[in-house]
Amino acid sequence: MAYNVSRVIPVLTVKNRELVKTLKFGNPKYIGDPINAIKVFNDKECDELMVLDIGASVNGKSPDFVHLKEMAGEAFMPIGYGGGIHSFETARQVFQCGIEKVVLNSVLLENPGIVDEIAAHYGNQSVVISLDYKKEFFGGLKPVFFSGKKSKKIHIAAFAKEMEDRGAGEIILHSVDREGTFSGYDLELLQEVVHATTIPVVPLGGAGGNADLDKALESAGAHAVAAASLFVFKNNDRNSILINYSTTK
Amino acid sequence: MINIIDYGMGNTVSIRNMIVKAGGKAQISGDPEKLSLAKAIILPGVGNFGKAMELIHAGGFKAIIDEKVKEKVPVLGICLGMQLLLDHSEEGDVSGLGYIPGEVKKFIFADRQYKIPHMGWDEVEAAKANDLIPQDAAEKQRFYFVHSYFAQCENESDVLCKTVYGHEFHSAVHRDHITGVQFHPEKSHRFGLTFFRNYLKHYGL
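Observations regarding the overall build of chain A
In terms of regular secondary structure, chain A is built from nine helices and 14 strands. Compactness check: chain A gives a C-alpha radius of gyration of 16 Å against a globular reference of 18 Å for 249 residues, within 12% of the reference. Principal-axis analysis of the C-alpha atoms places the extent of chain A at approximately 45 × 40 × 40 Å. A burial count over chain A gives 57% of its 249 residues as buried. Summed over its atoms, the accessible surface of chain A is roughly 10,100 Å², and 48% of this surface lies on carbon and sulfur atoms.

Dropping the structure here:
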């Protein structure tokens, strides 16, 4: 009798312990203290949160465990954390901070076996893949890593399936091109990846309002939806900061 | 003062923060001596049952908790902490604290639809009248669960809540002044807050 309402997951992008928001993975704008944002989401009774340290892997840094413990201690809901997780040992330390799920991206380029390792020990649902992707210069899409700076020549749906086969519990389909634009989710790719896998696929990047969340859940087969800019800006205006949250129902 | 035992495993900070939010006062104690003045004890826990019992014995916590239980000081076990209240667990094949007769068993499913651990939000149903978990049919109580082993009480009278995951299991237990919840109230926002508020009110904390 599991509770099966579609999840709406706020995503907080953090850098140097500050909450920031990028646009197409660039131009990080200072938003505020992530602890304050977490408190707002506590009050709004959000079921699950995702925190991504975007300054970790790209700068060769490990997770900031002290800050992670602080954020986990403040949250009254489970948290998925990603950023700088490159080994099973690092993942173990992240779980010990009170984090429920680890989100992996950069490590997948050289060491995708980490997915099998973590899933075997902690369970499938504790491993989430952030499948970041962008348009290629001559058309087509490719998965990217290290804050979009490196890429791999592989079909996105095939990559998603590979991750599922290794034991990932969930795929976040993260569009670099739509990130921060409020222009809507990439529903076409979402449907393709949903059909290619059997684990939950969650779009991230481009949500501009409840209508986008509904479309992804009701017509494109998303099992849950995630959004970042939507929940930190007011009226989709990057100059108007307001931590907010609402589910579609 | 409510004392949350820090024996090396568990979300002690989240629990303290939620108790404070619920209007209570709690401190995290890694020193068994500090427990002697405790008005209530919370036993958290995330991880392996065998390892937890090892740490509890090694840290000198068993004797003081036994004493507090004799004094009828309320004890609340959360997640692994609840499992430790029982007699024995298949995880590690080790004896627990033995305050509530029962066994802790591993989830085993032939159907791959049931993933292990049981992880996510799930509903609980009160099994007996009580002040801790609302029994109002209008809103189902749900909490966040993460566990691969489940509790099976020997006595139906000790079962506080039931949840179904493949099969029914005991998601909360209660006997005299001892309560245990398999779920994480500290990760279950308003449902957890209501639970802690009720707990504080029930025991006058």
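Examining helix α6 (residues 156-166) of chain A
All names here are of chain A. Taken residue by residue, α6 has I156, A157, F159, A160, M163 and E164 as its buried positions. An end-on view of α6 places all buried positions within 160° of arc, on one side of the element. In the core, the buried residues of α6 are packed alongside α4 (107-110), α5 (113-122), β7 (127-135), β8 (141-145), β10 (170-175) and α7 (187-196).

Overview of the interface of chain B and chain A
The interface of chain B with chain A comprises 21 residues on the first partner and 23 residues on the second. Taken together, the connections running from chain B to chain A amount to four salt bridges. Residue B:R190 is joined to A:E45 by a salt bridge in which the shortest nitrogen-to-oxygen separation is 2.7 Å. Here chain B and chain A share 13 residue pairs in polar contact (both at pLDDT 80 or more) between them. Listing elements by their share of the side of chain B that touches chain A, those giving two or more residues are α1 (12-21), β8 (118-126), β9 (141-147) and α5 (189-202) of chain B. It is α1(B) that contributes the most residues to the side of chain B that touches chain A, five residues altogether.

Details of the pairing of strand β14 (residues 237-241) of chain A
As paired elements, strand β13 (residues 233-234) of chain A and β14(A) share two bridges and run antiparallel to each other. Within β14(A), the residue paired with A:F233 across the bridge is A:I241.

Details of the pattern of salt bridges
Residue and element names in this part refer to chain A. Taken as a whole and judged by the stated rule, the model has 21 salt bridges over all chains. When the shortest N-O distance is used, the salt bridge between E48 and K101 registers 3.2 Å. Here K101 lies in strand β6 (residues 101-104) and E48 lies in the loop between α1 (34-43) and β4 (49-53), a separation of 53 residues in the sequence. Neither E48 nor K101 differs from the other in exposure class; each is buried.

Description of the confidence of the model for chain A
Across chain A, pLDDT averages 94, with 98% of residues at or above 70. Put simply, β14(A) is where chain A has its lowest mean pLDDT, 93, and strand β5 (residues 79-82) of chain A is where it has its highest, 98.

Section: the packing of aromatic side chains
To describe a pair of aromatic rings, you give the distance between the ring centres and the angle between the ring planes. Under the counting rule described, the total for this entry stands at 25 aromatic pairs over all chains. Centroid distance B:F143 to B:F191: 6.4 Å. Interplanar angle 65°. Geometry classified as edge-to-face. Here B:F191 lies in helix α5 and B:F143 lies in strand β9, a separation of 48 residues in the sequence. As far as burial versus exposure is concerned, B:F143 and B:F191 are alike and both buried. Above the plane of the ring of A:F146 lies A:K150, whose end atom (NZ or CZ) is 4.7 Å from the centre. Cation over ring: B:R142 sits above B:W121, and NZ or CZ is 4.7 Å from the ring centre.

Things to note about the packing of helix α2 (residues 65-74) of chain A against α1(B)
Between α2(A) and α1(B), the shortest axis-to-axis distance is 7 Å and the interhelical angle comes to 40°. Taken together, α2(A) and α1(B) sit at an angle that is classed as oblique. In this structure, α2(A) crosses over α1(B), and the sense of that crossing is right-handed. Of the residues in α1(B), those in contact with A:A72, A:G73 and A:E74 of α2(A) are B:V13, B:S14 and B:N17. Class assignment for the residues of the contact of α2(A) with α1(B) results in two nonpolar, three polar and one charged.

Some words on the side chain of B:R142
Structurally, B:R142 is set in strand β9. Given a relative accessible area of 9%, B:R142 falls into the buried group. Within the structure, the side chain of B:R142 is placed 3.1 Å from the side chain of A:D47, a separation counted as a polar contact. Beyond its immediate stretch of four places on either side in the chain, B:R142 contacts A:Y3, A:D47, B:W121, B:D122, B:E123, B:S188, B:H189 and B:F191.

What about the confidence of the model for chain B?
Scored by pLDDT, chain B comes out at a mean of 95, with 100% of its residues at no less than 70. Across the interface, the model reports ipTM at 0.90; the global pTM reads 0.93.

Quick look at the nonpolar core
With 69 residues, the main nonpolar core has A:F41, A:L104, A:L108, A:V115, A:I129, A:L131 and A:L173 as its most contacted residues. No other element matches the five residues that α6(A) contributes to this core. Membership of the second largest hydrophobic core comes to 38 residues, among which are B:I78, B:F107, B:V124 and B:L132.

Let's talk about the pairing of strand β11 (residues 159-165) of chain B
Residues in a regular strand point their side chains to alternate faces of the sheet. Residues and elements named next belong to chain B. With five of seven residues buried, β11 lies mostly within the body of the structure. Judged from the two bridges that link them, β8 and β11 form a sheet pairing that is antiparallel. Bridged to E125 within β11 is K162. The pairing of β11 with strand β12 (residues 167-175) spans six bridges and is antiparallel. Counterpart to V164 in the pairing with β12 is E168. Following β11, the chain reverses through one residue before pairing antiparallel with β12; G166 in that reversal takes a positive phi of roughly 80°.

What counts and what doesn't
Residues numbered from 1 in each chain as written. Chains lettered and ligands numbered in written order. Predicted model: local features only at pLDDT ≥ 70, side-chain atom pairs only at ≥ 80, totals over all residues. Heavy atoms only, no water. Helix = DSSP H or I, 4+ residues; strand = E, 2+ residues; numbered from the N terminus. Rg over C-alpha atoms; globule rule 2.2 N^0.38 Å. Buried < 20%, exposed > 50% of the residue type's maximum accessible area, 1.4 Å probe, protein only. Areas by Shrake-Rupley, 256 points an atom, 1.4 Å probe, with all protein chains shown as cover. Arc of directions from axis to C-beta. Contact = heavy atoms within 4.5 Å. Salt bridge = Lys/Arg side-chain N within 4 Å of Asp/Glu carboxyl O. Polar contact = N/O pair within 3.5 Å; in protein donor to acceptor, adjacent residues only side chain to side chain. Pairing = 2+ DSSP bridges. pLDDT = per-residue confidence, 0-100. Phe/Tyr/Trp six-rings, centres within 6.5 Å; stacked < 30°, edge-to-face > 60°. Lys NZ or Arg CZ within 6 Å of the ring centre and 35° of its normal. Axes fitted to C-alpha atoms, helices over the stretch in contact; angles between N-to-C directions. Parallel < 35°, antiparallel > 145°, perpendicular 65-115°, else oblique. Left-handed = near helix turned anticlockwise from the far one by under 90°. Nonpolar A, V, L, I, M, F, W, Y, C, P; charged D, E, K, R; others polar. Core = buried A, V, L, I, M, F, W, Y, C linked by side-chain atoms within 4.5 Å.

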